[in-house]
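Reading the structure
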Amino acid sequence: MKLFLDTAEIDEIRTGIRWGVIDGVTTNPTLFAKVGGSYDEVLRQICKLTPGPVSAEVIADDVEGMVAEGRHFAALAPNIVVKIPMCENGLEAISRLAEEGIRTNCTLIFSANQGLLAAKAGASFLSPFVGRLDDVNEEGMTVIRELADIVGIFELETEIITASVRHPRHVTDAALAGAHIATIPFKVLQQMVRHPLTDRGIELFKADWAKATKAASAKG
Ligand code: G3P
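Residues numbered from 1 in each chain as written. Predicted model: local features only at pLDDT ≥ 70, side-chain atom pairs only at ≥ 80, totals over all residues. Heavy atoms only, no water.

Moving on: the overall build of the protein. The number of helices and strands found in the protein is 11 helices and eight strands. Taken along the three principal axes of its C-alpha coordinates, the protein extends 80 × 35 × 30 Å. Burial status across the protein gives 45% buried among its 220 residues. In the protein, the share of contacts with a sequence separation of at least 24, taken over all contacts with a separation of at least 6, comes to 55%. Taking the 22 positively charged and 29 negatively charged side chains of the protein as two groups, their mean positions are separated by 13 Å. (Helix = DSSP H or I, 4+ residues; strand = E, 2+ residues; numbered from the N terminus. Buried < 20%, exposed > 50% of the residue type's maximum accessible area, 1.4 Å probe, protein only. Contact = heavy atoms within 4.5 Å. Lys, Arg positive; Asp, Glu negative; His and termini not counted. Charge placed at Lys NZ, Arg CZ, Asp CG, Glu CD.)

And the structure:
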C-alpha cells in the first residue's frame, strides 16, 4: 500500500521522505492556506522533493476554468496530478484532461457510485473522504470497500486514495479494505510510528544496558 502525505508543509514532506515511507503528496486549498505564499512555487518545491504524484486542486467551477487550471498545474512538473471535485463539470473536465494525457484525482467522493463515475470519466485517482463520512454517522470505510471491489471486478485503471484520514486505525482499515493509497496528515504518520510498549521497551533496554556496563566496570 502506498502512503501519501496530505499536507503542503515542506518540512513535513522532507521528514516523511527521509523516513523512506512516503510515495506522494496531496494538497488542497485548505492545506495551502495554512502555508501561504504562491501555490505554484509551493507545488514546484513539493514536486522536486517527492518521488511520486503530487495533487494540486483546481478552484474554478466551470469546465473551461477547470481544464485551464489543470493544464497550468500540469505544466509545473511531470509528477503533478490535477485534483478536481466530483460534480457534473468536474466529470467533463476529468474526461477532457484525460484525453490530453493529464492525470487527475477526483476529490470529495462520498459514495461508490461517484467513484465509479469518476473512474469512467478517466480519473487516475479517486479520493473518498472517510473521516467526513464518519463525522455524519456514516461508515466511511464501506465506500472504500465497495469501490475497491468495483475497481477489482472491472479491472478499472484507477487507484483509490483513502482521504480525510483522522487516525492510525483509518490507515489499517483502508489497507484491509483494499485501498491502493492512504493520504495522511503528518500527525497521523507520527502516531503510526509510536506505541507506548515500544517506548517502554527502548527505556528498559537502555536501563538494563547501563546496569550491565556498570556491573562489568565494577568487576574489572
Ligand atoms: O485529503 C482530504 C483531506 O485533506 C480532508 O481532510 O480532515 O478536512 O476531512 P479533513
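Before going further, it helps to examine the sheet that holds strand β7 (residues 159-162). Around the barrel, which closes on itself, the eight strands sit in the order β1-β2-β3-β4-β5-β6-β7-β8 with parallel pairing between neighbours. Going across the sheet, the axis of each strand differs from the next one's by a mean of 30°, ignoring polarity. Inspection of the sheet shows strand β5 (residues 104-109) paired to strand β6 (residues 125-128) by three bridges, in the parallel sense. Looking across to β6, one finds that Ile109 is bridged to Pro128. Packing of helix α5 (residues 88-99) onto the sheet brings it into contact with β4 (80-85) and β5, and relative to β4 it is tilted by some 155°. (Pairing = 2+ DSSP bridges. Axes fitted to C-alpha atoms, helices over the stretch in contact; angles between N-to-C directions.)

Attention shifts here to the side chain of Thr107. One can find Thr107 in strand β5. By relative accessible area, Thr107 is classed as buried at 1%. Sequence-distant contacts of Thr107, defined by excluding residues within four places in its chain, comprise Glu57, Lys83, Ile84, Pro85, Met86, Ser127 and Phe129.

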